[in-house]
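Listed here are the chains, written in short residue letters.
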Amino acid sequence: MARQQVFHQPVLVDEIVTWINLRDDGVYCDCTVGGAGHLLVMLKRTRTARFVGIDCDPEAIAYSRQVTADYRKRCFLFENNFINLDLILDGLKVHRVDGLLFDLGVSYHQLTTSARGFSFERKGDLLMRMSPNSLTLGERLRRAQKEEIVRILREYGDVRNYRKIGHRIFEMRRTLNTTLELRKVIEDSVPRRFLKKNLHKIFQALRIWTNDELVNLGQGLLVAYRRLKDGGRMLVISYHSGEDRIVKYFFRGLKKQGQIQLLNKRVIKPHEDEISRNPRARSAKLRVIEKCVCS
Ligand SMILES: C[S@@+](CC[C@H](N)C(=O)[O-])C[C@H]1O[C@@H](n2cnc3c(N)ncnc32)[C@H](O)[C@@H]1O
């Protein structure tokens, strides 16, 4: 793995550590461990609490193993998809957990490592996958129907010229090998001024599709909720309106059934000073719930 200065800068750290309600006799699960930014702070704030960390990206797990090495007796890391939380907890003989964190989206490392193919600013093969077990973006594009590409751009990208762009990508898909070639195809299909704001949205939409992010999120939330203790807390940071909608409606449904309390009436967002230090935090939204104690 190419070592970088910063693997990832975690967002809303104080808020996460406060809301997850750490206890020394607790078991907590970070379902998107990334560069272990949140995880390491939680390890440092506790003496005996145990932590399970999951990430589907082997580079994230390798890096996190290094930075959490001092805590290996109470920190267990797994390269896996968080939809497999049941398998992981069963393997550890952990029935229920006291707190769960999802910090969705991609890490800075993934986004800025050219070879991973996530960025429209760096030349890389058309990979864009978090896990080496998934199909690459190039493979997905070659298998996709025209209307599927259009739908992805419309639903996940929220951009105006989705049809034009989608048709052009479809026509050119067999010739595309790199991120910059994809960018060029998009640039050639719509006016430049339109792209300034929207190129990142188009790449983000393709990333969400390549990694089945919204499907995984729906499944992951359900599995996670079932493994939460009564009185336990689940925290979700989302960065995309599609993610946030899934989280919001999932929590609303549970609230209506009297299963949970929403601990924050309004979503928690980073303060201005955090955003100026870390502009990526700008779109972060944190939602926190507590599972009701069964009577
Ligand atoms: C925003 S980063 C997390 C950063 C982390 N909180 C930190 O402090 O460094 C999101 C991470 O979630 C991982 N991820 C996304 N979807 C996943 C899934 N379905 N299962 C496991 N990991 C996933 C990505 O590989 C990425 O490393």
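Because the structure is predicted, anything quoted here is derived from the model rather than measured. (Residues numbered from 1 in each chain as written. Predicted model: local features only at pLDDT ≥ 70, side-chain atom pairs only at ≥ 80, totals over all residues. Heavy atoms only, no water.)

Trainee: Please explain the overall build of the chain as it appears in this structure.
Mentor: Summing up its helical and strand segments, the chain has 13 helices and 7 strands in all. Over its C-alpha atoms the chain spans a radius of gyration of 20 Å, differing by no more than 12% from the 19 Å that the globule rule assigns to 295 residues. Dimensions of the chain, computed from C-alpha atoms along their principal axes, come out at roughly 60 × 45 × 40 Å. Split into buried and exposed, the 295 residues of the chain put 52% on the buried side. Restricting to contacts in the chain with at least 6 residues of sequence separation, those with at least 24 account for 72%. For the chain, the exposed area adds up to about 14,800 Å²; of that, 47% sits on carbon and sulfur atoms. (Helix = DSSP H or I, 4+ residues; strand = E, 2+ residues; numbered from the N terminus. Rg over C-alpha atoms; globule rule 2.2 N^0.38 Å. Buried < 20%, exposed > 50% of the residue type's maximum accessible area, 1.4 Å probe, protein only. Contact = heavy atoms within 4.5 Å. Areas by Shrake-Rupley, 256 points an atom, 1.4 Å probe, with all protein chains shown as cover.)

Trainee: Would you explain the sheet that holds strand S3 (residues 75-79) in this entry?
Mentor: Strands belonging to one sheet form pairs held by backbone hydrogen bonds; the direction of such a pair is parallel or antiparallel. With mixed pairing, 7 strands are arranged side by side in an open sheet as S3-S2-S1-S4-S5-S7-S6. The open sheet terminates on both sides in strands that have one partner only, identified here as S3 and strand S6 (260-262). Adjacent strand axes in the sheet meet at a mean angle of 15°, parallel and antiparallel pairs treated alike. Summarising the sheet, strand S2 (residues 50-55) and S3 pair through 5 bridges and their orientation is parallel. When the sheet's bridge partners are listed, Asp55 is paired in S3 with Glu79. Where helix H4 (residues 85-92) meets the sheet, its contacts fall on strand S1 (27-30), S2, S3 and strand S4 (97-103), and the angle it forms with S2 comes to roughly 145°. (Pairing = 2+ DSSP bridges. Axes fitted to C-alpha atoms, helices over the stretch in contact; angles between N-to-C directions.)

Trainee: Looking at this structure, how should I read the site of the ligand?
Mentor: In the neighbourhood of the ligand, 25 residues make up the surrounding shell, with Gly35, Asp55, Phe82, Asp103 and Gln110 lying closest. Contact distances for the ligand include 2.9 Å between an oxygen atom and a backbone N or O atom of Gly35. Measuring from an oxygen atom of the ligand, one finds a backbone N or O atom of Gly37 at 3.1 Å. Protein coverage of the free-state accessible area of the ligand, which is 600 Å², stands at 98%. (Near = heavy atom within 4 Å. Polar contact = N/O pair within 3.5 Å; in protein donor to acceptor, adjacent residues only side chain to side chain.)

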